[in-house]
Amino acid sequence: MGPIPRIPQTSMKLICPCCGETDIHPLLQTPAIPVNSCILRWSEQESLGFPRKVIDLVVCSDCGFFWNSTFNGSQLLYDTDYESTQMHSDFFRAYLEQTAVDWLNGLDSEPQSILEVGCGQGEFLAVLAEKTNATLQGFDPAFRLQDATSERVVADYLPEEPTAQFDLVMNRMTLEHIARPLDFVVNLRRWLAPGGTLITQVPNAERIIADQHVCELFYEHVNYFTKTSLVHLLERAGFKSNRVEITYDGQSLTVYSRLDPSKKPVTHSTVSGLENNLGASLARFSTDWNRILNDRLAKGREIWLWGTGSRATTFLAFACEHASVTGAVDINPMREGSYVLGTACRTFLPKALKGRQNLSIVVMNPIYKDEISKSLSALSVEAELLLVSDLQPQ
Ligand SMILES: [Zn+2]
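Description of the structure in this document. Keep in mind that what you see is a predicted model, and the values were worked out from it rather than measured.

**What about the overall build of the chain?**
(1) Moving on: For the chain, the count of helices and strands is nine helices and 18 strands.
(2) Moving on: Sorting the 394 residues of the chain into buried and exposed places 55% on the buried side.
(3) Moving on: Nonlocal contacts in the chain, meaning residues at least 24 apart in sequence, comprise 69% of its contacts between residues at least 6 apart.
(4) Moving on: Accessible surface computed for the chain: about 17,000 Å², of which carbon and sulfur atoms make up 49%.

What follows is the structure, given as structure tokens:
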């Protein structure tokens, strides 16, 4: 492995971990929000008392990367109470099936071995197992040892000393959680077999900026990658060929990386014109949402949330008075009876709404809007859907 620049452990001056430049500016500071958003808590007391911290976002003028400069992972939990699966959604399952097909087809040759780092409960590995004969291995500290997939997954963080090398190394929705992303990618490189491919998928921060999705700021997410910043990071880790794709209705950014140079020259997009107004949006968010929800309450409507994970945690922390929300719905039965972290807002399965009238439901991820409408229709629920994305302050 060639020499790889490392970020200093401590530095008075902030350095962008992606491009290495030092033109870093404050972007915004959030109110204190729960440090986790996918941990299950079963009493109001535990939920309301969950540790909170502010997010101090700073942005790199050169590549557009923004990150929480005061992130401290010491209170974060990634244990067996961490429940983030979306596999109960038919829409999400279909998306994951298609992702598996696309990723396998996107490789130059069929992999004999695949490693997924941050594999959750092994859902994606299980999907891949139906589509490839490659050996499959996963690492995730939040994995619950329970069933036949156990043999594939190690319930731990990825070690720094590789025990094997893999033709395909994947990290799906993981790198945004990592405080030292360059070191992490350098470690992934160690696990990659010669000629292999690394696939990295993260939330697409350009969409968060363009559409001002402040509900997609989470304490768990240290990093917010634009296309340019992620490619810079991968290049600094030694990957010379990086192919970018945007998927999931613009929500996901995926990069296929190889150590050998591409035959085609890679051109960088620049970030000029990508004006980041998240701070102004956040400042208006609470006022606007309280006006919207109070208007509904005055009309005798009941407020519910649909989705109880990360976005609901942020929404309730940033946006509204918790007392105005009756409850939250989630299709994941593992979440039934738990609380949206930091609040007394309890989680119910959709059937709890059966036959109810006059509801206003705030939808946390608009991509599920049609699926939610169908569920409500089947349960004879009369409800208006308020999409967080549509109601962003203009
Ligand atoms: Zn940068």
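**Quick notes on the sheet that holds strand S18 (residues 383–387)**
(1) Moving on: Ordered by their spatial adjacency, five strands build an open sheet running S16-S15-S14-S17-S18, and the pairing between neighbours is parallel. Each edge of the sheet is formed by a strand with only one pairing partner; in this case those strands are strand S16 (347–348) and S18.
(2) Moving on: One ladder, built from four bridges, connects strand S14 (residues 302–306) with strand S15 (residues 325–329); its direction is parallel. Pairing of Trp306 across the sheet is with Val329, part of S15.
(3) Moving on: Against the sheet, helix H9 (residues 369–378) engages S14, strand S17 (359–363) and S18, with an angle of about 165° to S18.

**With respect to the sheet that holds strand S13 (residues 252–258)**
(1) Moving on: Overall, mixed pairing links the seven strands, which are arranged S8-S7-S6-S9-S10-S13-S12 in an open sheet. The open sheet has two free edges, formed respectively by strand S8 (153–154) and strand S12 (241–247), since each of these has just one partner strand.
(2) Moving on: With six bridges joining them, strand S9 (residues 166–172) and strand S10 (residues 192–203) adopt parallel strand pairing. Bridged to Val169 within S10 is Leu198.
(3) Moving on: Seen against the sheet, helix H2 (residues 90–105) touches strand S6 (113–117), S9, S10, S12 and S13 and runs at an angle of roughly 25° to S13.

**Thoughts on the coordination of the zinc ion**
(1) Moving on: Each protein donor to the zinc ion is listed here as Cys16 (SG), Cys19 (SG), Cys60 (SG) and Cys63 (SG); together their distances run 2.3 Å.
(2) Moving on: Here the zinc ion binds four donor atoms, and the angle range of 101 to 117° at the metal identifies the geometry as tetrahedral.
(3) Moving on: Along the chain, the residues donating to the zinc ion fall in the pattern C-x2-C-x40-C-x2-C.
(4) Moving on: Under the relative-accessibility criterion, Cys60 is labelled buried at 2%.

**A look at the environment of Leu14**
(1) Moving on: Note on placement: Leu14 falls in the segment before strand S1 (24–29).
(2) Moving on: By relative accessible area, Leu14 is classed as partly exposed at 35%.
(3) Moving on: When the C-alpha positions of Leu14 and Cys60 are compared, they lie 9.4 Å apart, and in sequence the two are 46 residues distant.
(4) Moving on: In this structure, Leu14 is in contact with Glu21, Thr22, Ile24, Val58, Trp67 and Ser69, ignoring residues within four places of it in sequence.

**Quick notes on the packing of aromatic side chains**
Here a ring pair, both rings aromatic, is described through the centre-centre distance and the interplanar angle of the planes.
(1) Moving on: As enumerated under the stated definition, the model contains 16 aromatic pairs in all.
(2) Moving on: When the centroid spacing of 5.3 Å and the interplanar angle of 25° are considered together, the rings of Phe71 and Tyr219 count as stacked. Within this pair, whereas Phe71 is found in the loop between strand S5 (66–68) and H2, its partner Tyr219 is found in the loop between helix H5 (205–210) and strand S11 (223–224), the two being separated by 148 residues in sequence. An identical accessibility class is assigned to Phe71 and Tyr219; each is buried.
(3) Moving on: Each ring, one from Phe92 and one from Tyr95, has its centre 5.9 Å from the other, and the planes form 50°; the classification is tilted. Placement of the pair is Phe92 and Tyr95 together in helix H2, with a separation of three residues, close to one helical turn.
(4) Moving on: Using a relative accessible area of 9% as the deciding quantity, one classes Phe92 as buried.

About the thresholds
Residues numbered from 1 in each chain as written. Predicted model: local features only at pLDDT ≥ 70, side-chain atom pairs only at ≥ 80, totals over all residues. Heavy atoms only, no water. Helix = DSSP H or I, 4+ residues; strand = E, 2+ residues; numbered from the N terminus. Buried < 20%, exposed > 50% of the residue type's maximum accessible area, 1.4 Å probe, protein only. Contact = heavy atoms within 4.5 Å. Areas by Shrake-Rupley, 256 points an atom, 1.4 Å probe, with all protein chains shown as cover. Pairing = 2+ DSSP bridges. Axes fitted to C-alpha atoms, helices over the stretch in contact; angles between N-to-C directions. Donors = N, O, S within 2.8 Å, 3.2 Å for Na, K, Ca; no water. Tetrahedral: all angles 85-135°; square planar, octahedral: opposite > 155°, others 65-115°. Phe/Tyr/Trp six-rings, centres within 6.5 Å; stacked < 30°, edge-to-face > 60°.

In short, geometric facts, not functional conclusions.
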